[in-house]
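Read off the chains here:
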Amino acid sequence: MTHRFLCTACGKCCYGQIPLTVQDAWVHAKRFPLAMVWSPVREGSKDFNSVARFGTVVAMPKAKNLAVLIVPTAYLPPTFACPELTADNLCAIQLQKPARCRTMPFYPYREEQFQAELLAPRPGWLCDISAAAPIVFADKQIVERDDFEFELQALQEQHAIILRYAEYMFKYTPQLRESLAKVAAKPKAGQVVTSLSSFLTAIRHPDTKSIAAQQLPLLQHYADQTAGQSDLHDFHRNYLQWVKEMRFLVDRV
Ligand code: SF4
Ligand code: SF4
């Protein structure tokens, strides 16, 4: 069976959070307000193995084990456009855009045989899946696969760093395990969000001060943009807290 897809550059998928590779997080630290997003998947789910391959597995004494993705993320509210989306819905950094944007709509945290499911446009998206669009998925495989392979390889190469971060966070944030369990128990998948500063500290990034200095004005900008909006309270609170953390790293590291 074959599946067709063509991006018509409508820009509708350039809103809200953008998952990044670790390398893309550093490259784009001057553009995006960054956070670490933890997404748990319960054992038995179809994505459990692929999530475990790039994330971590958390034993749950009284429940099913969890596989957890831990992803550096451009942390934007769902209604906020990517800061690089132009007024005519084009990408202002087309040649440098993150691996995640290049691979869209395919998603390396899902087994390749299930990737065709991702080609169905979400409500409002103007992706072309008509007979006029090129075949992008055939015989349970992605046809043009350079970007997909590139992202897969990046995720494999960064896995040790992600595991080191997970170990650090479980050691110093005992409530994290419980938060993940709560999120995983919900009928609709949810997230736990931690700060980029915790990641920089855990992995002892040599450019911590410079990355924190890039993040500081961005986080302050988004704190201002989300102020007074009750539906964005969590985003606002996080941005404000992370401004303090980044200021600490700029001043003290
Ligand atoms: S970087 Fe470009 S492609 Fe990626 S979300 Fe932003 S505007 Fe869209
Ligand atoms: S929603 Fe579909 S058509 Fe629109 S920019 Fe994203 S991939 Fe392209």
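The structure we're discussing is the one just above.
Since the structure is predicted, the reported quantities are computational estimates derived from the model, not experimental observations.

Colleague: Looking at this structure, I do not really get the overall build of the protein. What am I missing?
Modeller: Assigned secondary structure in the protein consists of 9 helices and 8 strands. Computed over its C-alpha atoms, the radius of gyration of the protein comes to 19 Å, within 12% of the 18 Å expected for a compact globule of 253 residues. Taking the principal axes of its C-alpha atoms as reference, the protein extends roughly 55 × 50 × 35 Å. When the 253 residues of the protein are sorted by exposure, 30% land in the buried category.

Colleague: How should the pairing of strand 6 (residues 135-138) be read in this particular structure?
Modeller: Consecutive side chains along a regular strand alternate between the two faces of the sheet. Inspection of the sheet shows strand 1 (residues 2-4) paired to strand 6 by 3 bridges, in the antiparallel sense. Opposite His 3, over in strand 6, you have Phe 137 as the bridge partner. Bridge count between strand 6 and strand 7 (residues 141-142): 2 bridges; the pairing is antiparallel. Bridge pairing in strand 7 places Ala 138 opposite Gln 141. Turn length for the strand 6-strand 7 hairpin, with the two strands adjacent in sequence and antiparallel, is 2 residues, and the turn residue Asp 139 shows positive phi of about 50 degrees.

Colleague: What is the right way to read helix 5 (residues 159-172) from this model?
Modeller: Helical periodicity: at 3.6 residues per turn, an α-helix aligns residues three or four positions apart in one direction. With 14 residues, helix 5 should cover 20 Å at 1.5 Å per step; its first-to-last C-alpha distance of 20 Å lies within 8% of that length. Along helix 5, the residues classified as buried are Ile 162, Tyr 165, Ala 166 and Met 169. Down the axis of helix 5, the buried set is contained in an arc of 100 degrees. They therefore lie on one face. Residues of helix 5 that are exposed and point more than 90 degrees away from the buried face comprise Ala 160, Glu 167, Lys 171 and Tyr 172. Tucked inside the fold, the buried residues of helix 5 contact strand 4 (56-58), strand 5 (66-74), helix 6 (175-185), strand 8 (192-195) and helix 7 (196-202).

Colleague: Would you mind going over the packing of helix 8 (residues 208-226) against helix 9 (residues 233-252) with me for this structure?
Modeller: Interhelical geometry of helix 8 versus helix 9 gives an angle of 150 degrees and a closest axis separation of 8 Å. The angle between helix 8 and helix 9 places the two elements in the roughly antiparallel class. Where helix 8 crosses over helix 9, the handedness of that crossing is left-handed. Only Phe 235, His 236, Tyr 239, Leu 240, Trp 242, Val 243, Met 246, Arg 247, Leu 249 and Val 250 of helix 9 make contact with helix 8, whose side of the interface consists of Thr 208, Lys 209, Ala 212, Ala 213, Gln 215, Leu 216, Leu 219, Gln 220, Tyr 222, Ala 223 and Thr 226. Partitioning the contact of helix 8 with helix 9 into residue classes produces 14 nonpolar, 5 polar and 2 charged.

Colleague: So what exactly am I meant to see when it comes to the sheet that holds strand 6 here?
Modeller: Across a sheet, strands are paired by hydrogen bonds formed along the backbone, either parallel or antiparallel in direction. Read across the sheet, 3 strands follow the order 1-6-7 without closing on themselves; strand pairing throughout is antiparallel. A strand with exactly one partner marks an edge of an open sheet, and here the two such strands are strand 1 and strand 7.

Colleague: Help me understand the site of ligand 2, please; the structure alone is not making it clear to me.
Modeller: The environment of ligand 2 is made up of 13 residues, and the closest members are Cys 7, Cys 10, Cys 13, Trp 125 and Cys 127. Across the shell around ligand 2, the residue classes break down as 10 nonpolar, 2 polar and 1 charged.

Colleague: I keep staring at the environment of Phe 54 and nothing clicks. Help me out?
Modeller: By the secondary structure assignment, Phe 54 is in helix 2 (residues 48-54). Phe 54 gets classed as buried once you count the C-beta atoms within 10 Å, which come to 20. Taking C-alpha positions, Phe 54 is 9.1 Å from Leu 152, a pair spaced 98 residues apart along the chain. Once you skip the residues sitting within four places of it in the chain, Phe 54 turns out to touch Leu 69, Tyr 109, Leu 155 and His 159.

Colleague: Is there a simple way to explain the nonpolar core in this structure?
Modeller: If you look at soluble globular proteins, the nonpolar side chains tend to sit buried side by side. Grouped together as the largest cluster of nonpolar side chains are 47 residues, with contacts concentrated most on Leu 34, Val 68, Ile 70, Ala 74 and Leu 219. Ranked by residues supplied to this core, first place goes to strand 5 with 7 residues. Residues within four places of Val 68 in sequence aside, it is in contact with Trp 38, Ser 39, Pro 40, Gly 55, Thr 56, Val 58 and Leu 180.

Colleague: Sorry, what's going on with unusual backbone geometry here?
Modeller: Backbone geometry follows two general trends: most residues other than glycine have a negative phi, and most peptide bonds adopt the trans configuration. Here Met 104 and Pro 105 are connected by a cis peptide whose omega angle stands at 0 degrees. Looking at the element boundaries, Pro 105 is found in the loop between helix 3 (99-103) and strand 6. Of note in this structure, Ala 9 is not a glycine but carries a positive phi near 55 degrees.

Colleague: What is the right way to look at the environment of Gln 96 in this model?
Modeller: Tracing the chain through its elements places Gln 96 in the loop between strand 5 and helix 3. With 13 C-beta atoms counted inside 10 Å, the residue Gln 96 sits in the partly exposed group.

Calculation criteria
Residues numbered from 1 in each chain as written. Chains lettered and ligands numbered in written order. Predicted model: local features only at pLDDT ≥ 70, side-chain atom pairs only at ≥ 80, totals over all residues. Helix = DSSP H or I, 4+ residues; strand = E, 2+ residues; numbered from the N terminus. Rg over C-alpha atoms; globule rule 2.2 N^0.38 Å. Buried ≥ 20, exposed ≤ 12 C-beta atoms within 10 Å, placed from the backbone. Pairing = 2+ DSSP bridges. Expected span 1.5 Å × (residues − 1). Arc of directions from axis to C-beta. Contact = placed C-beta atoms within 7 Å. Axes fitted to C-alpha atoms, helices over the stretch in contact; angles between N-to-C directions. Parallel < 35°, antiparallel > 145°, perpendicular 65-115°, else oblique. Left-handed = near helix turned anticlockwise from the far one by under 90°. Nonpolar A, V, L, I, M, F, W, Y, C, P; charged D, E, K, R; others polar. Near = placed C-beta within 6 Å. Core = buried A, V, L, I, M, F, W, Y, C linked by C-beta atoms within 7 Å.

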